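Residue-level structure breakdown
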Amino acid sequence: MTIDVYLAELERALPWAPRLRRRLLVEVEDHLRSSAEAVGEDEAVARFGAPADVARGFHPAYARGYRAAAALALLAALVALFALLYPVPENTLPAAPWPEDAKPSTLAWKQDAMLLLFGAAVALGVLTAIVRRKTTWLTGATAAAIIACAGVGAALAIEWSAAVPGTPWLWLALGSAVPVVLALAATALVARAARLASAA
Amino acid sequence: MQKQELKGHLDLILLSALADGPAHGYALIERLRERSDGVLTFPEGTVYPALHKLERQALVSSRWVDAGGRRRRVYALTRRGDEARQTRVTDWRTFTRAVEAVLVR
């Protein structure tokens, strides 16, 4: 096998993470070309080990990277959710035509549910960061709370627009998709990290 | 030597090889081969995950250098890495003395 073919196979075997993959491929190429100067390409490649085995050696490093990316995605999802809960409605919604203590119950309970689900998502997120075990399960639970909160938020935006003309419900509903996408991405990353760690 | 036997000691072996001075992966393997009279041989690709792990633990540092038009990653022992190496060498000597004493009895 030539060095170029070997590098192409290794690139295919390595999980997706552009920066780490690029560094590994440059390091491996330098190693193989140095070795080939002494023993020839075939022997250099044979001594290095099968691409799949070499890639497997890096699985723990990739898994750590995926978990870090998942933590960032969860944090971003929580920030986006908080924005939907307070600053965005506060600054974009027209004044409600009812007194503060006479809010329609169908809207009031949805607001309460959003706050409750947001609190649960934050608590689960903190637990995920502290416990560092059952990470896949805890991330999934955090993501579920975020998605439920955003879902209630989207429904609330639509209902609110019916009660308060001028509410930008479409933007609010679309905004709810941001934390959902981030939460789903975090779950997928953590699940991938778990698969890589178990296959290392 | 068996791959599994080596795997458990690869960190210490690499730290000790780096105690002679900074080196890139291939040079490290050559250094190990020479110092062990060819006994320490293993799939060369296994060295890189170990080096990356040691770097993450701040026991080695690394930087890119230009090597005749090729980019090359050169690793060096950190102060913390040298301390860890000395501790592990002491532990290893204690362990091998104990095993030797049992074996020769």
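Since the model is a prediction, treat every value here as computed from it, not as a measurement.

Assigned secondary structure in chain A consists of 9 helices and 0 strands. Ordered by position from the N terminus, the helices and strands of chain A form the series α-α-α-α-α-α-α-α-α. In summary, chain A has a C-alpha radius of gyration of 25 Å against a globular reference of 16 Å for 200 residues, an excess of more than 25%. Over its C-alpha atoms, taken along the principal directions, chain A stretches across nearly 85 × 35 × 20 Å. A total of 200 residues make up chain A; the buried ones form 38% of that total. When the accessible surface of chain A is totalled, it reaches about 10,400 Å², and 66% of it is carbon and sulfur.

Bringing the interface of chain B and chain A into the picture now. Facing the 21 residues of chain B at the interface are 20 residues of chain A. Buried surface at the junction of chain B and chain A, both sides included, amounts to about 1,800 Å², of which 54% is carbon and sulfur. There are 4 salt bridges connecting chain B and chain A. R70 of chain B is the salt-bridge partner of D30 of chain A, the closest N and O atoms lying 2.9 Å from each other. Elements with a minimum of two residues in the side of chain B that touches chain A: α3 (25–35), α4 (47–56), β2 (60–67) and β3 (70–77) of chain B. Across the side of chain B that touches chain A, the residue classes break down as 8 nonpolar, 5 polar and 8 charged.

On to the packing of aromatic side chains, then. Evaluated as defined, the whole model comprises 6 aromatic pairs over all chains. Ring geometry for Y6 of chain A versus F48 of chain A: centroids 5.9 Å apart, planes at 85 degrees, classification edge-to-face. Taken together, the residues span a long stretch of sequence, with Y6 of chain A in helix α1 (residues 3–13) and F48 of chain A in helix α3 (residues 41–48) at a distance of 42 residues. Neither Y6 of chain A nor F48 of chain A differs from the other in exposure class; each is buried. Look at F48 of chain A and Y48 of chain B: their rings are 5.9 Å apart centre to centre, the planes differ by 35 degrees, and that puts the pair in the tilted class. Remark: Y48 of chain B occurs in helix α4 and F48 of chain A occurs in helix α3; the pair is interchain, linking two chains.

Residues and elements named next belong to chain A. The grouping of V122, V126, L127, I130 and V131 at the surface amounts to a nonpolar patch, some 400 Å² of accessible area in total. Topologically, V131 is positioned in helix α7 (residues 105–131). The class of V131 is partly exposed, set by a relative accessible area of 38%.

All names here are of chain B. Where β2 lies against β3, 8 bridges are found, and the strand directions are antiparallel. Bridged to D66 within β3 is R71. Turn length for the β2-β3 hairpin, with the two strands adjacent in sequence and antiparallel, is 2 residues, and the turn residue G68 shows positive phi of about 60 degrees.

The nonpolar side chains of a soluble globular protein tend to be buried with one another. Residue and element names in this part refer to chain A. Among the nonpolar cores identified, the biggest contains 27 residues, and L81, I146 and W160 are the most heavily contacted of them. Sorting the residues of this core by element identifies α5 (59–85), α7, α8 (135–163) and α9 (169–199) as the ones contributing at least two each. With 10 residues, α8 is the largest single contributor of residues to this core. In contact with W160, other than residues within four places in its own chain, are L93, A96, W98, K103, L107, Q111 and T167.

A few words now on the environment of T92 of chain A. With respect to the secondary-structure elements, T92 of chain A resides in helix α6 (residues 87–92). The spatial distance from the C-alpha of T92 of chain A to the C-alpha of A173 of chain A is 13 Å, given a sequence separation of 81 residues.

Their axes nearest at 12 Å, the elements helix α2 (residues 18–39) of chain A and α4 of chain B cross at an angle of 130 degrees. Here α2 of chain A lies oblique to α4 of chain B, going by the angle between them. Seen along the crossing, α2 of chain A lies across α4 of chain B with a hand that is right-handed. Seen from α2 of chain A, the contacting residues are L20, R23, L24, E27 and H31 of chain A; seen from α4 of chain B, they are Y48, H52 and E55 of chain B. Residue composition of the contact of α2 of chain A with α4 of chain B, by class: 3 nonpolar, 2 polar and 3 charged.

When pLDDT drops low, the exact placement of atoms in the prediction is not to be read closely. In this model, chain B carries a mean pLDDT of 90, and residues with pLDDT of at least 70 account for 93%. Scoring the predicted complex yields pTM 0.75 and, for the interface, ipTM 0.87.

Turning our attention to the pairing of β3 of chain B. Where strand β1 (residues 23–24) of chain B meets β3 of chain B, 2 bridges bridge the pair, whose relative direction is antiparallel. Bridge pairing links A23 of chain B to Y75 of chain B in β3 of chain B.

Next up on the list: the sheet that holds β3 of chain B. Residue and element names in this part refer to chain B. In spatial order, the strands read β1-β3-β2; together these 3 strands make up an open sheet with antiparallel pairing. The open sheet has two edge strands with one neighbour each: β1 and β2. Along the sheet, α4 contacts β2 and β3; its crossing angle with β2, the most-contacted strand, is approximately 120 degrees.

The rules behind these values
- Residues numbered from 1 in each chain as written.
- Chains lettered and ligands numbered in written order.
- Predicted model: local features only at pLDDT ≥ 70, side-chain atom pairs only at ≥ 80, totals over all residues.
- Heavy atoms only, no water.
- Helix = DSSP H or I, 4+ residues; strand = E, 2+ residues; numbered from the N terminus.
- Rg over C-alpha atoms; globule rule 2.2 N^0.38 Å.
- Buried < 20%, exposed > 50% of the residue type's maximum accessible area, 1.4 Å probe, protein only.
- Areas by Shrake-Rupley, 256 points an atom, 1.4 Å probe, with all protein chains shown as cover.
- Contact = heavy atoms within 4.5 Å.
- Buried area = accessible area lost by both parts, 1.4 Å probe.
- Salt bridge = Lys/Arg side-chain N within 4 Å of Asp/Glu carboxyl O.
- Nonpolar A, V, L, I, M, F, W, Y, C, P; charged D, E, K, R; others polar.
- Phe/Tyr/Trp six-rings, centres within 6.5 Å; stacked < 30°, edge-to-face > 60°.
- Patch = residues over 30% accessible without salt bridge, like charges linked within 9 Å, V, L, I, M, F, W, Y side chains within 5 Å.
- Pairing = 2+ DSSP bridges.
- Core = buried A, V, L, I, M, F, W, Y, C linked by side-chain atoms within 4.5 Å.
- Axes fitted to C-alpha atoms, helices over the stretch in contact; angles between N-to-C directions.
- Parallel < 35°, antiparallel > 145°, perpendicular 65-115°, else oblique.
- Left-handed = near helix turned anticlockwise from the far one by under 90°.
- pLDDT = per-residue confidence, 0-100.

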